Amino acid sequence: MPAVGYGTMLYPEPDRAVELIGHALAVGYRHIDTARKYGSEHWVGEAIRGAGVAREHLWVTTKVTEEDARANDFAQSVEVSLETLGLDYVDLLLIHWPQPKVPLEETIGALARAKQQGLTRNIGVSNFTVALLDEAIAKSPEPLFTNQVEYHAYLRQDKLLAACARHGMTMTCYAPLARGSILSDPVLCEIARTHGKTAAQVALRWLVQQPMVAVVPRALQVTEIEENIDLFDFELTGEEMIRIGELRDRNMRVVDPEIRRPAWDEG
Ligand SMILES: NC(=O)c1ccc[n+]([C@@H]2O[C@H](COP(=O)([O-])OP(=O)(O)OC[C@H]3O[C@@H](n4cnc5c(N)ncnc54)[C@H](OP(=O)(O)O)[C@@H]3O)[C@@H](O)[C@H]2O)c1
(Lines give C-alpha, C1' and ligand atoms only; values in the text may rest on other atoms or scores of the structure.)
Protein backbone atom coordinates (compact mmCIF):
# COMPACT_ATOMS: atom_id res chain seq x y z
CA MET A 1 0.00 0.00 0.00
CA PRO A 2 1.47 3.40 -0.92
CA ALA A 3 2.37 5.22 2.31
CA VAL A 4 0.49 8.39 1.34
CA GLY A 5 -3.12 8.17 0.22
CA TYR A 6 -5.58 10.90 -0.70
CA GLY A 7 -8.57 11.10 1.67
CA THR A 8 -11.93 11.84 0.05
CA MET A 9 -14.25 12.64 2.93
CA LEU A 10 -16.26 15.90 2.95
CA TYR A 11 -16.21 17.97 -0.20
CA PRO A 12 -17.83 21.33 0.61
CA GLU A 13 -17.84 22.02 -3.14
CA PRO A 14 -18.93 18.69 -4.68
CA ASP A 15 -18.56 20.14 -8.20
CA ARG A 16 -14.81 20.13 -7.71
CA ALA A 17 -14.42 16.64 -6.25
CA VAL A 18 -13.58 14.81 -9.50
CA GLU A 19 -11.14 17.58 -10.48
CA LEU A 20 -9.35 17.42 -7.10
CA ILE A 21 -9.12 13.62 -6.98
CA GLY A 22 -7.93 13.76 -10.60
CA HIS A 23 -5.29 16.29 -9.58
CA ALA A 24 -4.11 14.00 -6.79
CA LEU A 25 -3.72 11.18 -9.33
CA ALA A 26 -1.96 13.50 -11.79
CA VAL A 27 0.64 14.58 -9.23
CA GLY A 28 1.47 11.03 -8.20
CA TYR A 29 -0.97 9.74 -5.58
CA ARG A 30 -1.60 6.05 -6.23
CA HIS A 31 -3.67 5.39 -3.11
CA ILE A 32 -7.20 6.78 -2.71
CA ASP A 33 -9.19 6.42 0.50
CA THR A 34 -12.98 6.41 0.18
CA ALA A 35 -15.99 4.88 1.95
CA ARG A 36 -19.67 4.17 1.29
CA LYS A 37 -20.44 6.67 4.07
CA TYR A 38 -18.53 9.55 2.41
CA GLY A 39 -20.61 9.51 -0.78
CA SER A 40 -17.37 10.02 -2.70
CA GLU A 41 -17.08 6.64 -4.45
CA HIS A 42 -18.63 7.82 -7.71
CA TRP A 43 -16.24 10.80 -7.86
CA VAL A 44 -13.30 8.49 -7.17
CA GLY A 45 -14.44 6.18 -9.99
CA GLU A 46 -14.84 9.07 -12.43
CA ALA A 47 -11.45 10.54 -11.53
CA ILE A 48 -9.76 7.14 -11.97
CA ARG A 49 -11.36 6.66 -15.38
CA GLY A 50 -10.13 10.11 -16.43
CA ALA A 51 -6.61 9.69 -15.05
CA GLY A 52 -5.31 7.06 -17.44
CA VAL A 53 -3.42 5.25 -14.68
CA ALA A 54 -3.33 1.46 -15.10
CA ARG A 55 -5.54 -0.27 -12.54
CA GLU A 56 -2.70 -2.41 -11.21
CA HIS A 57 -0.79 0.76 -10.26
CA LEU A 58 -3.63 2.06 -8.09
CA TRP A 59 -4.58 1.25 -4.52
CA VAL A 60 -8.24 1.93 -3.74
CA THR A 61 -9.59 1.52 -0.22
CA THR A 62 -13.27 1.60 0.62
CA LYS A 63 -15.28 0.82 3.75
CA VAL A 64 -18.58 -0.72 4.79
CA THR A 65 -20.52 1.31 7.37
CA GLU A 66 -21.51 -0.07 10.76
CA GLU A 67 -25.17 0.13 9.67
CA ASP A 68 -24.36 -2.69 7.21
CA ALA A 69 -22.64 -5.00 9.70
CA ARG A 70 -25.06 -7.92 9.14
CA ALA A 71 -23.72 -10.39 6.57
CA ASN A 72 -26.33 -9.80 3.86
CA ASP A 73 -26.21 -6.01 4.17
CA PHE A 74 -22.42 -6.15 4.15
CA ALA A 75 -22.31 -8.17 0.92
CA GLN A 76 -24.77 -5.78 -0.68
CA SER A 77 -22.74 -2.75 0.39
CA VAL A 78 -19.60 -4.20 -1.23
CA GLU A 79 -21.53 -4.81 -4.44
CA VAL A 80 -22.85 -1.23 -4.49
CA SER A 81 -19.37 0.17 -3.74
CA LEU A 82 -17.81 -1.68 -6.66
CA GLU A 83 -20.63 -0.65 -8.97
CA THR A 84 -20.37 2.99 -7.87
CA LEU A 85 -16.59 3.00 -8.22
CA GLY A 86 -16.84 1.21 -11.59
CA LEU A 87 -14.21 -1.31 -10.44
CA ASP A 88 -14.11 -5.12 -10.41
CA TYR A 89 -12.26 -5.16 -7.10
CA VAL A 90 -10.81 -2.82 -4.48
CA ASP A 91 -7.36 -3.18 -2.98
CA LEU A 92 -8.54 -2.87 0.59
CA LEU A 93 -11.96 -3.25 2.17
CA LEU A 94 -12.49 -2.09 5.76
CA ILE A 95 -15.15 -2.40 8.42
CA HIS A 96 -15.61 1.34 8.98
CA TRP A 97 -16.60 1.31 12.68
CA PRO A 98 -17.19 -1.51 15.17
CA GLN A 99 -20.85 -2.49 15.57
CA PRO A 100 -21.54 -3.82 19.08
CA LYS A 101 -25.10 -4.88 18.13
CA VAL A 102 -23.89 -7.50 15.62
CA PRO A 103 -21.62 -10.44 16.52
CA LEU A 104 -18.14 -9.62 15.24
CA GLU A 105 -17.74 -13.08 13.69
CA GLU A 106 -20.69 -12.36 11.40
CA THR A 107 -19.21 -9.11 10.06
CA ILE A 108 -15.68 -10.47 9.90
CA GLY A 109 -17.02 -13.54 8.09
CA ALA A 110 -18.66 -11.29 5.48
CA LEU A 111 -15.47 -9.26 5.16
CA ALA A 112 -13.36 -12.40 4.62
CA ARG A 113 -15.89 -13.72 2.11
CA ALA A 114 -15.49 -10.54 0.02
CA LYS A 115 -11.79 -11.33 -0.21
CA GLN A 116 -12.37 -14.99 -1.02
CA GLN A 117 -14.74 -13.90 -3.81
CA GLY A 118 -12.04 -11.67 -5.31
CA LEU A 119 -13.94 -8.44 -4.60
CA THR A 120 -11.03 -7.06 -2.58
CA ARG A 121 -7.35 -7.92 -2.49
CA ASN A 122 -6.94 -7.16 1.24
CA ILE A 123 -9.20 -6.71 4.23
CA GLY A 124 -8.97 -4.74 7.45
CA VAL A 125 -10.76 -2.72 10.08
CA SER A 126 -11.11 0.88 11.16
CA ASN A 127 -11.60 2.46 14.57
CA PHE A 128 -10.87 -0.84 16.32
CA THR A 129 -9.33 -0.76 19.80
CA VAL A 130 -6.63 -3.22 20.87
CA ALA A 131 -9.24 -5.55 22.40
CA LEU A 132 -11.44 -5.43 19.30
CA LEU A 133 -8.44 -5.93 17.04
CA ASP A 134 -7.32 -9.02 18.96
CA GLU A 135 -10.85 -10.38 18.78
CA ALA A 136 -11.15 -9.62 15.05
CA ILE A 137 -7.87 -11.38 14.30
CA ALA A 138 -8.87 -14.42 16.32
CA LYS A 139 -12.17 -14.62 14.44
CA SER A 140 -11.00 -13.82 10.91
CA PRO A 141 -10.31 -16.69 8.52
CA GLU A 142 -8.18 -14.26 6.45
CA PRO A 143 -5.29 -12.05 7.59
CA LEU A 144 -6.14 -8.44 8.45
CA PHE A 145 -3.96 -5.93 6.66
CA THR A 146 -4.56 -2.66 8.52
CA ASN A 147 -6.40 -0.82 11.27
CA GLN A 148 -7.31 2.69 10.09
CA VAL A 149 -7.48 5.01 13.09
CA GLU A 150 -6.95 8.61 14.10
CA TYR A 151 -3.27 9.25 14.72
CA HIS A 152 -1.28 12.47 14.57
CA ALA A 153 1.22 14.51 16.54
CA TYR A 154 -1.39 15.48 19.15
CA LEU A 155 -2.64 11.95 19.94
CA ARG A 156 -0.77 9.08 21.54
CA GLN A 157 -1.52 5.68 20.00
CA ASP A 158 1.32 3.58 21.43
CA LYS A 159 -0.92 0.71 22.51
CA LEU A 160 -2.51 0.39 19.09
CA LEU A 161 0.82 0.74 17.32
CA ALA A 162 2.21 -2.07 19.44
CA ALA A 163 -0.85 -4.24 18.73
CA CYS A 164 -0.54 -3.64 14.97
CA ALA A 165 3.18 -4.50 15.12
CA ARG A 166 2.43 -7.64 17.13
CA HIS A 167 0.01 -8.76 14.42
CA GLY A 168 2.27 -7.66 11.53
CA MET A 169 -0.31 -5.09 10.44
CA THR A 170 -0.01 -1.58 9.05
CA MET A 171 -1.58 1.34 10.91
CA THR A 172 -3.28 3.76 8.52
CA CYS A 173 -3.61 7.21 10.05
CA TYR A 174 -6.72 9.21 9.33
CA ALA A 175 -6.96 12.89 10.24
CA PRO A 176 -3.14 12.87 10.16
CA LEU A 177 -3.17 16.69 10.36
CA ALA A 178 -5.75 16.66 13.17
CA ARG A 179 -8.00 18.47 10.68
CA GLY A 180 -5.55 21.34 10.49
CA SER A 181 -5.34 22.06 14.22
CA ILE A 182 -1.69 21.06 14.57
CA LEU A 183 -0.46 23.23 11.74
CA SER A 184 0.43 26.30 13.77
CA ASP A 185 2.26 24.29 16.42
CA PRO A 186 5.56 26.10 17.22
CA VAL A 187 7.62 22.89 17.32
CA LEU A 188 6.32 21.70 13.95
CA CYS A 189 6.81 25.19 12.47
CA GLU A 190 10.37 25.43 13.78
CA ILE A 191 11.33 22.00 12.45
CA ALA A 192 9.64 22.84 9.16
CA ARG A 193 11.80 25.96 8.79
CA THR A 194 14.96 23.89 9.42
CA HIS A 195 14.09 21.59 6.51
CA GLY A 196 12.58 24.21 4.18
CA LYS A 197 9.25 22.35 4.39
CA THR A 198 5.78 23.21 5.75
CA ALA A 199 4.38 22.20 9.13
CA ALA A 200 1.95 19.87 7.31
CA GLN A 201 4.82 18.10 5.58
CA VAL A 202 6.71 17.68 8.87
CA ALA A 203 3.58 16.33 10.59
CA LEU A 204 3.03 13.81 7.79
CA ARG A 205 6.72 12.92 7.50
CA TRP A 206 6.80 12.23 11.26
CA LEU A 207 4.05 9.65 10.72
CA VAL A 208 5.40 7.91 7.61
CA GLN A 209 8.87 7.76 9.16
CA GLN A 210 7.45 5.38 11.79
CA PRO A 211 7.50 1.67 10.88
CA MET A 212 4.40 0.25 9.15
CA VAL A 213 2.53 3.56 9.19
CA ALA A 214 0.60 5.09 6.27
CA VAL A 215 -1.36 8.37 6.06
CA VAL A 216 -4.47 9.52 4.20
CA PRO A 217 -4.61 13.33 4.46
CA ARG A 218 -7.41 15.22 2.75
CA ALA A 219 -6.77 18.57 1.07
CA LEU A 220 -8.93 20.75 -1.15
CA GLN A 221 -6.26 23.21 -2.35
CA VAL A 222 -4.14 21.98 -5.24
CA THR A 223 -0.96 23.30 -3.62
CA GLU A 224 -1.74 21.37 -0.44
CA ILE A 225 -2.55 18.19 -2.37
CA GLU A 226 0.90 18.48 -3.93
CA GLU A 227 2.58 19.35 -0.64
CA ASN A 228 1.13 16.37 1.21
CA ILE A 229 2.79 13.80 -1.03
CA ASP A 230 6.11 15.63 -1.32
CA LEU A 231 7.56 14.00 1.81
CA PHE A 232 10.37 11.83 0.60
CA ASP A 233 13.23 14.26 -0.10
CA PHE A 234 13.98 14.95 3.57
CA GLU A 235 14.33 13.02 6.79
CA LEU A 236 13.62 14.00 10.40
CA THR A 237 16.46 13.40 12.84
CA GLY A 238 15.99 11.08 15.82
CA GLU A 239 15.83 14.11 18.09
CA GLU A 240 13.14 15.77 15.92
CA MET A 241 11.10 12.54 15.93
CA ILE A 242 11.22 12.54 19.75
CA ARG A 243 10.34 16.26 20.05
CA ILE A 244 7.29 15.82 17.83
CA GLY A 245 6.36 12.61 19.67
CA GLU A 246 6.23 14.58 22.93
CA LEU A 247 3.47 16.80 21.53
CA ARG A 248 1.16 13.77 21.78
CA ASP A 249 0.69 14.43 25.50
CA ARG A 250 -2.06 16.88 24.49
CA ASN A 251 -4.16 13.79 23.77
CA MET A 252 -6.48 15.57 21.36
CA ARG A 253 -8.97 13.47 19.42
CA VAL A 254 -10.74 15.24 16.55
CA VAL A 255 -12.96 12.33 15.45
CA ASP A 256 -15.01 11.04 18.38
CA PRO A 257 -18.67 10.53 17.41
CA GLU A 258 -20.67 9.66 20.50
CA ILE A 259 -22.95 7.20 18.70
CA ARG A 260 -20.12 5.14 17.21
CA ARG A 261 -17.05 5.42 19.39
CA PRO A 262 -15.77 2.31 21.17
CA ALA A 263 -14.00 2.63 24.56
CA TRP A 264 -10.80 4.09 23.08
CA ASP A 265 -7.42 2.89 24.35
CA GLU A 266 -5.72 5.63 26.31
CA GLY A 267 -2.03 6.10 25.55
N1 LIG B 1 -11.92 5.63 9.06
C2 LIG B 1 -12.50 6.69 9.57
O3 LIG B 1 -13.38 6.59 10.46
C4 LIG B 1 -12.08 8.06 9.12
C5 LIG B 1 -12.44 9.19 9.88
C6 LIG B 1 -12.02 10.45 9.44
C7 LIG B 1 -11.26 10.56 8.27
N8 LIG B 1 -10.94 9.45 7.53
C9 LIG B 1 -10.13 9.53 6.29
O10 LIG B 1 -9.01 10.37 6.53
C11 LIG B 1 -8.99 11.44 5.59
C12 LIG B 1 -8.33 12.66 6.18
O13 LIG B 1 -8.90 13.02 7.40
P14 LIG B 1 -9.55 14.44 7.70
O15 LIG B 1 -10.00 15.07 6.45
O16 LIG B 1 -10.56 14.20 8.76
O17 LIG B 1 -8.39 15.28 8.36
P18 LIG B 1 -6.92 15.80 7.94
O19 LIG B 1 -6.45 15.16 6.70
O20 LIG B 1 -6.11 15.68 9.17
O21 LIG B 1 -7.12 17.34 7.77
C22 LIG B 1 -7.77 17.95 6.72
C23 LIG B 1 -7.69 19.45 6.99
O24 LIG B 1 -6.34 19.88 6.90
C25 LIG B 1 -6.20 20.88 5.92
N26 LIG B 1 -4.98 20.62 5.15
C27 LIG B 1 -4.67 19.52 4.43
N28 LIG B 1 -3.45 19.61 3.90
C29 LIG B 1 -2.95 20.80 4.29
C30 LIG B 1 -1.72 21.47 4.08
N31 LIG B 1 -0.76 20.93 3.36
N32 LIG B 1 -1.55 22.68 4.64
C33 LIG B 1 -2.51 23.25 5.39
N34 LIG B 1 -3.71 22.68 5.64
C35 LIG B 1 -3.92 21.45 5.10
C36 LIG B 1 -7.42 20.76 5.05
O37 LIG B 1 -7.71 22.02 4.54
P38 LIG B 1 -8.77 22.20 3.30
O39 LIG B 1 -10.11 21.99 3.89
O40 LIG B 1 -8.52 23.56 2.81
O41 LIG B 1 -8.38 21.16 2.33
C42 LIG B 1 -8.48 20.25 6.00
O43 LIG B 1 -9.08 21.34 6.69
C44 LIG B 1 -10.47 11.60 5.21
O45 LIG B 1 -10.64 12.30 4.01
C46 LIG B 1 -10.90 10.16 5.13
O47 LIG B 1 -10.47 9.61 3.89
C48 LIG B 1 -11.32 8.20 7.98
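Residues numbered from 1 in each chain as written. Predicted model: local features only at pLDDT ≥ 70, side-chain atom pairs only at ≥ 80, totals over all residues. Heavy atoms only, no water.

Engineer: Could you give an account of empty space enclosed by the protein, with specific residues and numbers?
Structural biologist: Counting across every chain of the model gives one cavity of 30 Å³ or more. By volume, the largest cavity amounts to about 50 Å³. What lines the largest cavity is Ala69, Ile95, Trp97, Pro98, Gln99, Val102, Leu104, Thr107 and Phe128. Here the lining of the largest cavity is built from residues that sort into seven nonpolar, two polar and no charged. (1 Å grid on protein atoms, 1.4 Å probe; cavity = no way out; pocket = protein on both sides within 12 Å on 5 of 7 lines; lining within 4 Å. Points joined across faces, edges and corners; volume = space filled by probe spheres on them. Nonpolar A, V, L, I, M, F, W, Y, C, P; charged D, E, K, R; others polar.)

Engineer: Please give an account of the site of the ligand that cites residues and values.
Structural biologist: With respect to spatial proximity, 29 residues lie near the ligand, and among them Asp33, Leu177, Arg179, Arg218 and Leu220 are the closest. Contact distances for the ligand include 3.1 Å between an oxygen atom and a backbone N or O atom of Met9. In the environment of the ligand, an oxygen atom lies 2.7 Å from a nitrogen or oxygen atom belonging to the side chain of Arg218. When atoms are counted within 2 Å of each cavity's grid points, the one that captures over half of the ligand is the largest pocket. For the shell around the ligand, a count of residues per class yields 14 nonpolar, nine polar and six charged. (Near = heavy atom within 4 Å. Polar contact = N/O pair within 3.5 Å; in protein donor to acceptor, adjacent residues only side chain to side chain. Sits in = over half its atoms within 2 Å of the grid points.)

Engineer: An account of the nonpolar core is requested, with residue identities and associated values reported.
Structural biologist: Within the largest apolar cluster, 78 residues are counted, with the highest numbers of intra-cluster contacts made by Tyr6 and Ile244. By residue number, the principal contributor to this core is helix α8 (residues 199-208), which donates eight residues. For Ile244, the contacting residues outside a window of four places in its chain are Ala153, Leu188, Ile191, Val202, Trp206 and Leu236. Counting residues in hydrophobic clusters, the runner-up holds six residues, among them Trp97, Ala175, Val216 and Val255. (Core = buried A, V, L, I, M, F, W, Y, C linked by side-chain atoms within 4.5 Å. Buried < 20%, exposed > 50% of the residue type's maximum accessible area, 1.4 Å probe, protein only. Helix = DSSP H or I, 4+ residues; strand = E, 2+ residues; numbered from the N terminus. Contact = heavy atoms within 4.5 Å.)

Engineer: Give me the lowdown on α8, citing residues and values where you can.
Structural biologist: Three or four residues apart is the spacing at which side chains of an α-helix point the same way, because the helix has 3.6 residues per turn. For α8, the tally of buried residues reaches ten of ten residues, placing the bulk of the element in the interior. All of the buried residues along α8 are Ala199, Ala200, Gln201, Val202, Ala203, Leu204, Arg205, Trp206, Leu207 and Val208.

Engineer: Outline the pairing of strand β7 (residues 170-174), listing residues and values.
Structural biologist: In terms of residue burial, β7 counts as a mostly covered element, since five of its five residues are buried. The alternating pattern of β7 places Thr170, Thr172 and Tyr174 on one face and Met171 and Cys173 on the opposite face, and all of these are buried. Relative to β7, strand β6 (residues 146-150) runs parallel, the two being bridged by five bridges. Bridge pairing links Thr146 to Thr170 in β7. This β-α-β element, β6 to helix α6 (residues 158-166) to β7, shows right-handed connectivity. Alignment of β7 against strand β8 (residues 213-215), held across three bridges, turns out to be parallel. Each residue of the ladder has a partner; that of Thr172, found in β8, is Ala214. (Pairing = 2+ DSSP bridges. Right-handed = clockwise from strand over helix to strand, strands pointing away.)

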